[in-house]
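# Observations on the model geometry
One letter stands for each residue in the lines below.
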Amino acid sequence: MEIKKILVVGAGTMGHSIAQVYATAGIEVNLVDLNQDILNRAMNLIKSNLNVLAEFEWVNKNEISNILNRIKPSNDLKEATIGVDLVVEAVSEVPDLKEKVFSQLDEYCSENCILASNTSSLDIFKIVKVKNPGRLVIQHWFAPPYIIPLVEIVAGRKTSKETVELSVKLIERLGKKPVVLNKYIDSFIVNRIQNAISGVVFELLLRKIATPEMIDAAVKHSLGIRLPIVGVVQTLDFTGLDLVNDISKSKGIEVSLIKNRVDQGHLGAKTSKGFYDYGGMSEEEILKKRDRQYLKILSYLNKINAFKPI
Ligand SMILES: NC(=O)c1ccc[n+]([C@@H]2O[C@H](COP(=O)([O-])OP(=O)(O)OC[C@H]3O[C@@H](n4cnc5c(N)ncnc54)[C@H](O)[C@@H]3O)[C@@H](O)[C@H]2O)c1
């Protein structure tokens, strides 16, 4: 099944820019919201976003009018479902509203149409009732979707394998990075991590341990340099899993994932195996590889003045 035409419901922060990504990839898009003012704002924002992307040669300036012409704004949901292969729901994060919109979509769309929600955290599979639950999936984008590559794809218990595979291929066709979660979990991967960070940040602020500027400076000058290269799991291989284990123990916590590796002598980069397997590369080689990447990132961040707040 090839996706040729889609419908995006909700033209707010996420909806308008998801519509833009599809239209840029040559796909026809119907974009629905409640009234003409919202739709006008959405189309103006899309044009402005495309102009910024053109500055960086992510889109060809001469293509902008064609991209805009592929997006048909409308406030008639029923009419906008005609002939679409996929719906991306991006209305406000209110369970009753999602339920209502999906029940309308279920009535209007063909049974083969994929129904995707961009919810940030809701268990859409419990909230929504549709005739063909095999076609219901979460495709969770990140703002701004025309820049940030990740789309988390979450399958419900009844979501078919075909729907997940098709979602993966589609997101790749858009030039984006799909990551599939096989099971629903509140807030998925990234927002779950972000929520944990926010919890700590609020505590630091409330206890007046540091100002917002100090916290951001601390993070940008440390994690901000490491994260793009080693993420949040591989970084532990470089800390040393033995040290991570000792720190956990001193806090009275035993993390079996860490302890089991330490017991087997897998300490991370220093033993060529931890959460990742470095295929027998020596510690020296692994560290050199990492450091060259860190140096490139740091030089670039300095070049673009990234350590100054926006
Ligand atoms: N803002 C983010 O960074 C972000 C990131 C990822 C996912 N999300 C999720 O995307 C969804 C949309 O979030 P947003 O930030 O774009 O919200 P938003 O408030 O900017 O946009 C929601 C739009 O839905 C429209 N709407 C409401 N009821 C409607 C209806 N019955 N029919 C058609 N349109 C209707 C509103 O008029 C509004 O324009 C939410 O589920 C949110 O959790 C948001």
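So, here is what we can say about the structure in this document. (Residues numbered from 1 in each chain as written. Predicted model: local features only at pLDDT ≥ 70, side-chain atom pairs only at ≥ 80, totals over all residues. Heavy atoms only, no water.)

### Focus on the packing of helix H10 (residues 223-230) against helix H14 (residues 283-303)
Orientation of H10 relative to H14, taken along the N-to-C sense of each, is 130°, at an axis distance of 9 Å. Our classification of the angle between H10 and H14 gives oblique. For the element pair H10 and H14, the recorded crossing hand is right-handed. From H10, Gly224, Ile225, Arg226, Pro228, Ile229 and Val230 reach across to H14, where they touch Gln293, Tyr294, Ile297, Leu298 and Leu301. (Axes fitted to C-alpha atoms, helices over the stretch in contact; angles between N-to-C directions. Helix = DSSP H or I, 4+ residues; strand = E, 2+ residues; numbered from the N terminus. Parallel < 35°, antiparallel > 145°, perpendicular 65-115°, else oblique. Left-handed = near helix turned anticlockwise from the far one by under 90°. Contact = heavy atoms within 4.5 Å.)

### Some details on the pairing of strand E2 (residues 28-32)
Buried residues dominate E2, accounting for four of its five residues. Handedness of the strand E1 (residues 5-9)-helix H1 (residues 15-24)-E2 crossover: right-handed. Bridging between E2 and strand E3 (residues 71-74) involves four bridges; their strand directions are parallel. Its bridge partner being in E3, Leu31 is matched across the sheet by Pro73. (Buried < 20%, exposed > 50% of the residue type's maximum accessible area, 1.4 Å probe, protein only. Right-handed = clockwise from strand over helix to strand, strands pointing away. Pairing = 2+ DSSP bridges.)

### Quick word on unusual backbone geometry
Between Ala143 and the following residue, Pro144, the backbone shows a cis peptide bond with an omega angle of -10°. For Pro144, the location among the structural elements is in the loop between strand E6 (136-141) and strand E7 (150-155). Its identity is not glycine, yet Glu57 carries a phi of approximately 60°, on the positive side. Relative to the helices and strands, Glu57 resides in the loop between helix H2 (36-55) and helix H3 (64-69). Assessed through its relative accessible area of 70%, Glu57 is described here as exposed.

### What to know about the packing of aromatic side chains
In this structure the tally under the stated criterion is three aromatic pairs. On the numbers, 6.1 Å between centres and 85° between planes, the contact of Tyr184 with Phe188 is edge-to-face. Ring geometry for Phe238 against Tyr278: centres 6.4 Å apart, planes inclined by 70°, an arrangement best described as edge-to-face. Taken together, the residues span a long stretch of sequence, with Phe238 in helix H11 (residues 234-239) and Tyr278 in the loop between helix H13 (256-263) and H14 at a distance of 40 residues. Tyr278 shares its class with Phe238; the two are buried. (Phe/Tyr/Trp six-rings, centres within 6.5 Å; stacked < 30°, edge-to-face > 60°.)

### Details of the pattern of salt bridges
Within the structure shown, the criterion is met by 11 salt bridges. The salt bridge partner of Asp106 is Lys131, with a shortest N-O separation of 3.8 Å. Here Asp106, found in helix H5 (residues 95-108), pairs with Lys131, found in the loop between helix H6 (124-127) and E6; they are 25 residues apart in sequence, far enough to count as distant. Across the pair Glu203 and Arg207 runs a salt bridge whose closest N-O atoms are separated by 2.8 Å. Where salt bridges share partners, they join Glu89, Glu93 and Lys98 into one cluster. (Salt bridge = Lys/Arg side-chain N within 4 Å of Asp/Glu carboxyl O.)

### A few points about the nonpolar core
Counting residues in hydrophobic clusters, the biggest one holds 41 residues, and the most contacted among them are Ile6, Tyr22, Val29, Leu31, Leu86 and Trp141. Considering each element in turn, this core owes the most residues, seven residues, to H2. Counting residues in hydrophobic clusters, the runner-up holds 24 residues, among them Leu77, Ala80, Val87 and Leu136. (Core = buried A, V, L, I, M, F, W, Y, C linked by side-chain atoms within 4.5 Å.)

### Quick look at the sheet that holds E7
Taken together, the eight strands give an open sheet; going across it, the order is E3-E2-E1-E4-E5-E6-E7-E8, and neighbouring strands pair in mixed fashion. Looking at which strands have only one partner, the edges of the open sheet turn out to be E3 and strand E8 (177-181). The average undirected angle you get between the axes of adjacent strands in this sheet is 25°. The pairing of strand E5 (residues 114-117) with E6 spans three bridges and is parallel. Within E6, the position partnered with Ser117 by the bridge is Ile138. Here H5 sits on the sheet in contact with E1, strand E4 (86-89), E5 and E6, set at roughly 165° to E5.

### With respect to the site of the ligand
In the neighbourhood of the ligand, 21 residues make up the surrounding shell, with Met14, Asp33, Glu93, Lys98 and Ser120 lying closest. The separation between an oxygen atom of the ligand and a polar main-chain atom of Met14 is 2.8 Å. The separation between an oxygen atom of the ligand and a polar main-chain atom of Val91 is 3.3 Å. Protein chains shield 76% of the accessible area of the ligand, which is 830 Å² for the free molecule. Put simply, the parts of the chain that give the shell around the ligand at least two residues each are H5 and E6. By residue number, the principal contributor to the shell around the ligand is H5, which donates three residues. (Near = heavy atom within 4 Å. Polar contact = N/O pair within 3.5 Å; in protein donor to acceptor, adjacent residues only side chain to side chain. Areas by Shrake-Rupley, 256 points an atom, 1.4 Å probe, with all protein chains shown as cover.)

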